[in-house]
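As a plain string of letters, each chain reads:
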Amino acid sequence: MTTKSDMTTKKDGLFSKDGISFLLPFIMITTCFAMWGFANDVTNPMVKSYSTIFQINVFESSLVQVAFYLGYFVMAFPAAMFIQKYSFKAGVLVGLALYAIGALAFIPAKFTGIYYPFLIAYFIMTCGLSFLETSCNPYIYCMGSEDTATQRLNFAQSFNPIGAVTGTIVAWLFVQNQLDETPSKVRAELMTSNPEQFAIIKDHDLSVLIQPYVYIGIVVVILFLAIRLTKMPKAGEQASSKKLTTALKELARIKNYREGVIAQFFYVGAQVTCWTYIMHYGHQLFCEQGGMTEKAASALSFRYYITALILFTVGRFICTWFLKYISPGKLLGILASAAMLCVVGVVFLTDIKGMYCLVAISGCMSLMFPTIYGIALKGLGENVKFGGAGLIMSILGGSVLPPIQARIMDMGGDIAGISMIHVSYSVPFICFLVVAFYGIRSSKRPE
């Protein structure tokens, strides 16, 4: 005899509810996770390239990250309000549209030959990414049985680092390997002695640099059309009349959430600084100290960067397994403390061991973002959409903290024999200290 519970078991699964399969919509929305992972990590290695192409200092090139992560901050709450009024699908479509517009805007930016139009393109693109992250996370969560919601979201999130690794490989094979080999010092001389030749080199390099963005823009347009023409589930889209101001007042009174937003701000700042400036760290280690050419030093640094991302990806699965036995807060505190120890090695070890420590930080960071996200959203009830938007908004840390580290790098010289590039990693050390503090505090709070 088939019981009612047996029927429910048959009907509800990871990608289905009440006998209705959501597999195709799930695949389409999960593709967005890989898309924003690609955008993030095809961009990080570009910061050093902009410095070389336009002959600007580290701080000026860090404006790429300012523009990139500022889009997340500006658009997070407008995205949540839009989704609240319309639907998850509408939010995804707006996000994809802005993503495509920003990516394709690299074409006119290239023709200007000026640095700042590229920053505008990044900002537009990440306004779209903010819409996507604010829409896709809760959409995947609601797309199917509530019993399998967390498993489904974790599965979807696993495609984000896959997109990140792909973006890094594309940046290396199709950008860094194709750039003109003229050293930075020679380019600086050409700017004054032979500006026509400098312009030719710059135009070539910009043509190479924009290619990944143009191609991903075309892919995003195709994905936009596919989702637009597909009937998507309406799960989790119950209307709510709660105003943003009311939700924010309620969220501000929740200590766990407030501290979670702060921790996420500092975590994202740490992640961006560790990944963006690995190229600068490698340049000093392999080129200035090791005597390699700029191109050889960049190639070797890129290998370490890719290794860091692979470690980040693998670490996410390993740390997810550890969550079966360790509470999220306690694991977060352990990972952040381990990251701090690695940063100490990055600062004080001036040989290849310092690079090993810098790569190892990625393994510690692997589960930080989703863990902070999950801890902070606990018990928010109907404020989850706005709460999630606040955590996406805190990605602003990736815009604020890298320029601070860049300023320290631009000082040049050393302190007690330690170069300012090494000293600059005191910035992520402070970030991980904040994250460790949040993990420890949250682990001690009652359920």
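From a predicted model like this one, the values you see are computed outputs, not experimental measurements. Every chain is numbered independently, its residues counted from 1 as its sequence is written. Thresholds applied to this predicted model are a pLDDT of at least 70 for local features of residues and 80 or more for the giving and counting of side-chain atom pairs; totals over whole chains, interfaces and linings are not thresholded and use all residues. Only hydrogens and water are set aside; all other atoms, that is, all heavy atoms of the structure, feed into the side-chain values.

Novice: Go over the packing of aromatic side chains with me, naming the residues and quoting the values.
Specialist: In this analysis, rings of Phe, Tyr and Trp, with Trp reduced to its six-membered ring, are considered paired at centre separations within 6.5 Å, and the interplanar angle assigns stacked below 30 degrees, edge-to-face beyond 60, and tilted for intermediate values. One pass over the structure, following the stated rule, counts 29 aromatic pairs. Judged by centre distance (6.0 Å) and plane angle (20 degrees), the rings of Tyr69 and Tyr72 are stacked. Taken together, the residues span about one helical turn, with Tyr69 and Tyr72 both in helix α5 (residues 63-85) at a distance of 3 residues. We note that Tyr69, like Tyr72, is buried. Geometrically, the ring pair formed by Tyr304 and Tyr356 is tilted, given 6.3 Å between the ring centres and 50 degrees between the ring planes. Taken together, the residues span a long stretch of sequence, with Tyr304 in helix α17 (residues 294-322) and Tyr356 in helix α19 (residues 352-365) at a distance of 52 residues. For Tyr304, a relative accessible area of 18% puts it in the buried group. Categorising residues by exposure relies on relative accessible area from a 1.4 Å probe, with only protein chains included: less than 20% of the type maximum marks a residue as buried, more than 50% marks it as exposed, and the intermediate range marks it as partly exposed. Using a relative accessible area of 48% as the deciding quantity, one classes Tyr356 as partly exposed. In this analysis the charged atom, NZ for Lys or CZ for Arg, is taken to sit over a ring once it is within 6 Å of the ring centre and within 35 degrees of the ring normal. We note Arg407 situated over the ring of Phe59; from NZ or CZ to the ring centre the distance is 3.7 Å. The way it works is that DSSP assigns letters per residue, a run of H or I at least four long becomes a helix, a run of E at least two long becomes a strand, and they are numbered from the N terminus.

Novice: So what about the pattern of salt bridges? Which residues, and what values?
Specialist: The rule for a salt bridge is simple: a side-chain nitrogen of Lys or Arg has to be within 4 Å of a carboxyl oxygen of Asp or Glu. This model, assessed by the stated rule, comprises 4 salt bridges. Across the pair Asp203 and Lys110 runs a salt bridge, and its minimum N-O distance is 3.1 Å. Of this pair, Asp203 sits in helix α12 (residues 195-209) while Lys110 sits in helix α7 (residues 106-112), placing them 93 residues apart in sequence. You can call Lys110 buried: its relative accessible area is 11%. Residue Arg441 pairs with Glu259 through a salt bridge whose shortest N-O separation is 2.9 Å.

Novice: Help me get a handle on helix α10 (residues 159-174), residues and values and all.
Specialist: Compared with an ideal rise of 1.5 Å per residue, which puts 16 residues at 22 Å, α10 spans 22 Å between its outermost C-alpha atoms and is within 8% of the ideal. What α10 keeps buried is the set Asn160, Pro161, Gly163, Ala164, Val165, Gly167, Thr168, Val170, Ala171 and Trp172. Expected span, for any helix, means 1.5 Å times one less than how many residues it has.

Novice: Let's hear about the nonpolar core: which residues, and what values?
Specialist: Definition of nonpolar core: a set of buried residues of the types Ala, Val, Leu, Ile, Met, Phe, Trp, Tyr and Cys, connected through side-chain atoms within 4.5 Å. Grouped together as the largest cluster of nonpolar side chains are 145 residues, with contacts concentrated most on Ile29, Tyr50, Tyr122, Ile227, Met368 and Phe432. For this core, the element with the highest residue contribution is α17, accounting for 11 residues.

Novice: Now, about the side chain of Thr273: what can you tell me, with residues and values included?
Specialist: Mapping Thr273 onto the fold places it in helix α15 (residues 255-276). Residue Thr273 is classed as buried on the basis of its relative accessible area, which comes to 0%. Among the polar contacts made by the side chain of Thr273, one reaches the main-chain carbonyl oxygen of Ala270 at a distance of 2.9 Å. We call two residues in contact when some of their heavy atoms are within 4.5 Å. Ignoring any residue separated from it by four or fewer positions in sequence, one finds Thr273 in contact with Leu401, Pro402, Gln405, Tyr425 and Pro428. Here a polar contact is recorded for every N or O atom pair within 3.5 Å, except that within protein the pair must consist of a potential hydrogen donor and a potential acceptor, and residues adjacent in sequence are included only if both atoms are side-chain atoms.

Novice: Explain the packing of helix α20 (residues 368-377) against helix α24 (residues 426-444) residue by residue, including any values.
Specialist: For helices, the axis comes from a line fit to the C-alpha atoms of the stretch in contact; other axes are also lines fit to C-alpha atoms, and the angle between any two N-to-C directions lies between 0 and 180 degrees. The geometry of α20 relative to α24 is characterised by a closest axis approach of 12 Å and an angle of 40 degrees between their N-to-C directions. What the angle tells us is that α20 and α24 run oblique. Handedness of the crossing formed by α20 with α24: left-handed. Taking contact as the criterion, the partners of Met368, Ile372, Ile375 and Ala376 in α20 are, on α24, Phe432, Val435, Tyr438 and Ser442. We call Asp, Glu, Lys and Arg charged. Ala, Val, Leu, Ile, Met, Phe, Trp, Tyr, Cys and Pro are nonpolar, and the rest, Gly among them, are polar. Considered class by class, the residues forming the contact of α20 with α24 number 7 nonpolar, 1 polar and no charged. Working rule for angles: under 35 degrees goes down as roughly parallel, over 145 as roughly antiparallel, 65 to 115 as roughly perpendicular, anything else as oblique. Each helix crossing is assigned a hand: it is left-handed if the near helix lies turned anticlockwise from the far helix by less than a right angle, otherwise right-handed if that turn is clockwise.

Novice: Residue-level account of unusual backbone geometry, with values.
Specialist: In this structure, Gln55 takes a positive phi of about 55 degrees despite not being glycine. If you trace the backbone, Gln55 turns up in the loop between α3 (46-54) and α4 (58-61). Judged by relative accessible area, Gln55 falls into the partly exposed class, the value being 22%. Phi is positive for Ala416, which is not a glycine, with a value near 55 degrees. Its location among the elements puts Ala416 in the loop between β3 (414-415) and β4 (418-419).

Novice: Please set out the environment of Ser61 residue by residue, giving values where relevant.
Specialist: By the secondary structure assignment, Ser61 is in helix α4. By relative accessible area, which is 0% here, Ser61 ends up buried. In this structure, the C-alpha to C-alpha distance between Ser61 and Ala406, residues 345 residues apart in sequence, is 8.7 Å.

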